[in-house]
Amino acid sequence: MLIAAECEARIGSVENAVDYINRLRDFRIMNNRQLSVENKALMIVLDERRREMPFTGMTRYIDLKRLNLEKRFQKTITRKADGQTWILPPNDNRYILPIPPRVLEYNPEIPQYER
C-alpha cells in the first residue's frame, strides 16, 4: 500500500495517495483520524513508510539509497561511536553493498564494486 501511495503521489494523484495511507492507518490505528492533504501527499507517504517499518533496517537503507537520487530528499547520515564520528553523504559509494565472497567463489570474474 505504501508503494502504491508513493506512486500515486509522484504522478500527482493526491486523493488516491492519501486514500491508500488512510486505509493503511485504519488497520494500524484504532479510531484513526483520516488525513486530508493537498500538496504534501508524497511527504506524508514517506513519513508513514518510515513509521510503518521502523525495525527493518534494510528497508530504511534501501529508501535512503533510492531517495538520495532526488535533491530534495538527500540526507547526510552522521553517527558517533567510541569517540569517532562517521559521516555518510548522499550518493556515497558506501551505499553499495559488496558482492559476497561466496558469490565471487562461484564466478571470480565478477568485479567487486568500489566502496
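The coordinates are above.
Residues numbered from 1 in each chain as written. Predicted model: local features only at pLDDT ≥ 70, side-chain atom pairs only at ≥ 80, totals over all residues. Heavy atoms only, no water.

> Would you explain the side chain of R25 in this entry?
Its location among the elements puts R25 in helix α2 (residues 14-28). For R25, the side chain forms a polar contact with the side chain of N32, separated by 3.2 Å. In this view, R25 contacts N32, R33, L35, E48 and R51; residues no more than four positions away in its chain are not counted. (Helix = DSSP H or I, 4+ residues; strand = E, 2+ residues; numbered from the N terminus. Polar contact = N/O pair within 3.5 Å; in protein donor to acceptor, adjacent residues only side chain to side chain. Contact = heavy atoms within 4.5 Å.)

> Where do I start with the pattern of salt bridges in this structure?
One side chain can pair with another of opposite charge once the charged atoms of both are near each other. Going through the model one piece at a time under the given rule, you end up with seven salt bridges. Between R66 and D63 there is a salt bridge whose closest N-O contact spans 3.1 Å. Placement of both R66 and D63 in helix α4 (residues 57-67) is noted, with a separation of three residues, approximately one turn of the helix. Overall, D63 belongs to the buried group, its relative accessible area being 7%. Among the ionic pairs, R94 bridges to D92, the shortest N-O distance being 2.8 Å. One salt-bridge network, held together by shared partners, links E6, R10, D63, R66, E70 and R72. (Salt bridge = Lys/Arg side-chain N within 4 Å of Asp/Glu carboxyl O. Buried < 20%, exposed > 50% of the residue type's maximum accessible area, 1.4 Å probe, protein only.)

> How should I be thinking about the pairing of strand β1 (residues 77-81) in this particular structure?
Each regular strand shows side chains that alternate between the opposite faces of the sheet. Relative to strand β2 (residues 84-88), β1 runs antiparallel, the two being bridged by five bridges. Bridge assignment links A81 to a residue of β2, and that residue is Q84. The antiparallel hairpin formed by β1 and β2 contains two residues in its connecting segment, where D82 sits at a positive phi of about 55 degrees. (Pairing = 2+ DSSP bridges.)

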